[in-house]
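What the coordinates show
Chain by chain, the residues:
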Amino acid sequence: MVTLRLTGCWKSSCSIPELDHILQQIPDDTPALRITCDRSLVWDSILAVFLNRLLTYCRNKSIATNLSDLPSGVRTLLALAQKSSNRPPKATGRPGFVYRLGTLTINIFTQGKELVNFTGEIVLSLMLLVRGKTYFRFRDFFYFLQNCGADALPIVSLISILVGVILAFVGAVQLRMFGAQIYVANLVALSMVLEMGAMMSAVIMAGRTGASFAAQLGTMQVNEEIDALRTLGISPVSYLVLPRMLALICMMPLLCIYADLLGIAGGAIIGTGMLDFSFYEYIMQTKSAIHLDQISQGLIKSAVYGVLISFSGCYQGMNSGRSASAVGEATTSAVVLSIVLIVVSDAIMTVIFSL
Amino acid sequence: MSAQKVLSVIDVSSAYGDFVLLEHITFTIKRGDIFIIMGGSGCGKSTMLRHLIGLKRPYKGRVLYGDKDFWAGDEEDRQQIMRRAGVLYQSGALWSSMTLTENVALPLQRYTDLRPAAINELVEFKLSLVGLDGFGDFYPAELSGGMRKRAALARAIALDPEFLFFDEPSAGLDPVSSRRLDELILELRDSLGATVIIVTHELASIYSIATNAVFLDREAKTMLATGNPKTMVRESTNPVVRDFLTRGTGKPPEWMYE
C-alpha cells in the first residue's frame, strides 16, 4: 500500500510536478495506491487531468486505487471522464500517393459532372422560362439589374477614366518620339473599345458581383434555404440563378459601352491637357479610328464575360459547403475562376475575331 | 457560502432603439444556483442573457458581479469578469474552420500560460468530460447537433468557469439527449462549483434542474415572478405564469414531482 498525499496549489496557474517523476517512486509490485489530500489543497481541472493519467497508469498495471479522501468535485469529474470511451474510427496518418492520386482523379471527374449538370440545368430552366413555364421573380431580376448596373457605375467610372489616362500617358511618351502624338487618340480609342473597356468592367464585376453571388447563394445553402426551395418544388436554378445571370448578362454590355466612353474621355484629358490638341481635334481623330464592328467586338466579349462571371459565382455558391469557411472558399474560387475564364475566353475570342 | 450573492440584476431595462422590450427587472443569483430565465418567445430572455455576458448594454439599470458593476467599467474590466464565465450559445457557435481540439484550446491559449502539451492534455480531458474523447480531430460540420452542443459545452468549461451561461441548451435535442445534457450540467456544476444561468422555455429542464428562476413576459414588458419554478407553479396567481408552467392546462404536470 502506497499513499500519495496532495497538498498546496494544483491549478493551471501553479507549477505541478511531473507525473513520470511520481510514477518512478511507486514500486511495481504495489497492490494498491491510496490518494489523499489535506486542507491546503486548492485545485482546478489540471488536478483532474493529472489524476486521470495516474489512474490510467494504475489500471494498466492493475494497481487498485482508493480516492475516497479526495474532494467530491474531483471524484465526480474523474468519474465523468472515465465513463465515456467509445472512440470513433478516424483515419489518421497521411494516405499513400496512389490513394491521393485516385481521390484527386475521382474528384476531378465528379466536379466535371457537376459542372455539366449545372450547365444543363441552366439551359433547361432557360427553355422553361422562354415557354413561360417556370417560376421567375421579376422583382429579383429588376433588383439585380439595379445592383449590377447602376450601383456599379461609380467604381467603373473611376477605373475606366484612369485606364484611359494611363493608356494615353504611356502612348504619348512613345509616340512623341515619332512626332505622331495625334495617334494617342487612336491608341486609346482602339484599346478601350476592343479590349480594356470589356476587360476592366468584367474584372470589376467579377470582384464585386460574382463574389456577392457566391456569398449570397453559399449562405443560403448554409441556412438550408435552397433545400426549402427544392422541397417546395421550385427549382433553385430558375428561381435564384437565372435572375442573377440574366441581369448580369444584360448589364455587362451597357457597362462596357460606359467604360469605353469614359476611357476615351480619360484619354481626352491627357490629349487636350498635356499634348495641346483641341478637344474637337481629339474627338475627330477618335471617330476616324474606330468602327462599329470593333465596338461590337467589345460588346460581344463583355456579354460573354457576363455569362462567365455569373456562372462561376452562382456555381460556386450553389456548391458551397455548409460552414462559414466553406462560404469563404466558395467566394474566393468564384472570383479566381471568373478571372481565369475571362482571360482565357478573351484570348480565344481575340483570335476568332481577327481571322 | 451557501447564501452568497454572486450576480445581481438591479432595475434593468432593455430597449432596441425606441422600442422598450423589458423594464424594471430585478433578481439575484446565489453561488451554486441553477438559475433559469424563462418566458414565451420574444419576451427578451436572450436579450437579458446578452446584458449578463457583455454583448449588449442595458438601456438602464445595473448588473453586479459580486459587488462590481459590470457595465460601469470599460471593455477591459468586462473582459476580466467574463474570463471567469463560460457561455454555451444556442447553436453551439463552434468555429467551423477549427477542429474540436482547436476550438476548446483557444480559451486556454488566450488566458493561461500552459505549455502546448499540457493544453492538449487538458483539452482531451474536457472532451472526455462531455463524452467526446477521440473526436478532437473532427470539424464541427462532421458532428451531429447533440455532439456539437456537447463540444460547445467543453469549450465553455475550458477555463473552469465560476459562471456558466446557457442559451436554450436543449433546443434541437431529442428528449433523451436533452435529459443527459441536463444531468451533465448538474454534474459539472457540482464538480466545478459553478453557478449556472440558463435561458430556456423547456419545461422538462425547468422542473428537473432549476433551483431558482425569473419569468419574463412580452405583454407586460417586465418580470411576472421569481423563485423556484416548482413553488411558482403551485403558488403563482398570475394566469400567464400558470399557463406557461402548466402548458395551458392549469394543472402542474405529474412528472415534475419525480
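Bear in mind the structure is a predicted one, so any value in this text is a computation, not a measurement.

Structural notes on the sheet that holds strand 8 (residues 195-199) of chain B
Residue and element names in this part refer to chain B. Within the open sheet, the six strands sit side by side as 6-7-8-3-9-10. Their pairing is mixed. Looking along the sheet, the strands with just one partner apiece sit at the ends: strand 6 (85-88) and strand 10 (222-227). When strand polarity is set aside, the average angle formed by the axes of neighbouring strands in this sheet is 15 degrees. Relative to strand 8, strand 7 (residues 163-167) is paired through five bridges, and the arrangement is parallel. Bridging from a neighbouring strand, Phe165 pairs with Ile197 of strand 8. Packed on one face of the sheet, helix 5 (residues 145-156) meets strand 6 and strand 7 and runs near 170 degrees to strand 6.

A word on the domain arrangement of chain A
Parsing chain A into structural domains produces domain 1 (2-83) and domain 2 (136-354). For domain 1 of chain A versus domain 2 of chain A, the separation of C-alpha centres amounts to 68 Å.

Comments concerning the side chain of A:Ser338
Considering the arrangement of structural elements, one finds A:Ser338 in helix 12 (residues 324-354). Take A:Ser338: its relative accessible area is 1%, and that puts it in the buried class.

Regarding the pattern of salt bridges
Residue and element names in this part refer to chain A. Tallied over the entire structure, the rule returns 13 salt bridges over all chains. The salt bridge involving Asp346 is made with Lys301; its shortest N-O contact spans 3.1 Å. Here Lys301 lies in helix 11 (residues 292-318) and Asp346 lies in helix 12, a separation of 45 residues in the sequence. Judged by relative accessible area, which is 8%, Asp346 ranks as buried. Overall, the relative accessible area of 1% leaves Lys301 in the buried class. Taken together, the shared-partner salt bridges in this structure form one network comprising Glu195, Lys301 and Asp346.

Some points on the interface of chain A and chain B
Contacts between the two partners involve 26 residues from chain A, matched on the other side by 26 residues from chain B. For the pair chain A and chain B, the summed buried surface comes to about 2100 Å²; carbon and sulfur atoms form 61% of the total. At the junction of chain A with chain B, the criterion picks out one salt bridge. One salt bridge connects A:Arg53 with B:Glu121, and the closest N-O pair in it is separated by 2.7 Å. Across the contact surface, chain A and chain B share four residue pairs in polar contact (both at pLDDT 80 or more). When contributions to the side of chain A that touches chain B are tallied by element, the ones reaching two or more residues are helix 2 (45-60), helix 3 (72-83) and helix 12 of chain A.

Scoring rules and cut-offs
- Residue indices follow the written sequence of each chain, beginning from 1 at its first position.
- Just so you know, chain letters begin at A and ligand numbers begin at 1, following the order they were written in.
- Given that this is a predicted model, residues contribute local features only at a pLDDT of at least 70 and side-chain atom pairs are listed and counted only at 80 or more, while totals for whole chains, interfaces and linings are drawn from all residues.
- Computation of side-chain values: all heavy atoms of the structure, hydrogens and water removed.
- At least two bridges found by DSSP between two strands are what make those strands a pair.
- Helix numbers and strand numbers start at the N terminus; a helix is a DSSP run of H or I with at least 4 residues, a strand a run of E with at least 2.
- Between N-to-C directions, angles cover 0 to 180 degrees, with each direction set by a line fitted to C-alpha atoms, over the stretch in contact for helices.
- Here a residue-residue contact requires only that any non-hydrogen atoms of the pair lie within 4.5 Å.
- Each domain span listed reflects an automatic or database assignment of domains.
- The buried label applies to any residue whose accessible area, calculated with a 1.4 Å probe on protein chains only, is under 20% of its type's maximum; exposed applies above 50%, and partly exposed to all values in between.
- What counts as a salt bridge is simple: a side-chain nitrogen of Lys or Arg found within 4 Å of a carboxyl oxygen of Asp or Glu.
- Buried surface area refers to the total accessible area, computed with a probe of radius 1.4 Å, that the two partners give up upon joining, counted for both partners together.
- Whenever two N or O atoms come within 3.5 Å, that pair is a polar contact, provided that in protein one can donate a hydrogen and the other can accept it, and provided that, for residues adjacent in sequence, both atoms are side-chain atoms.

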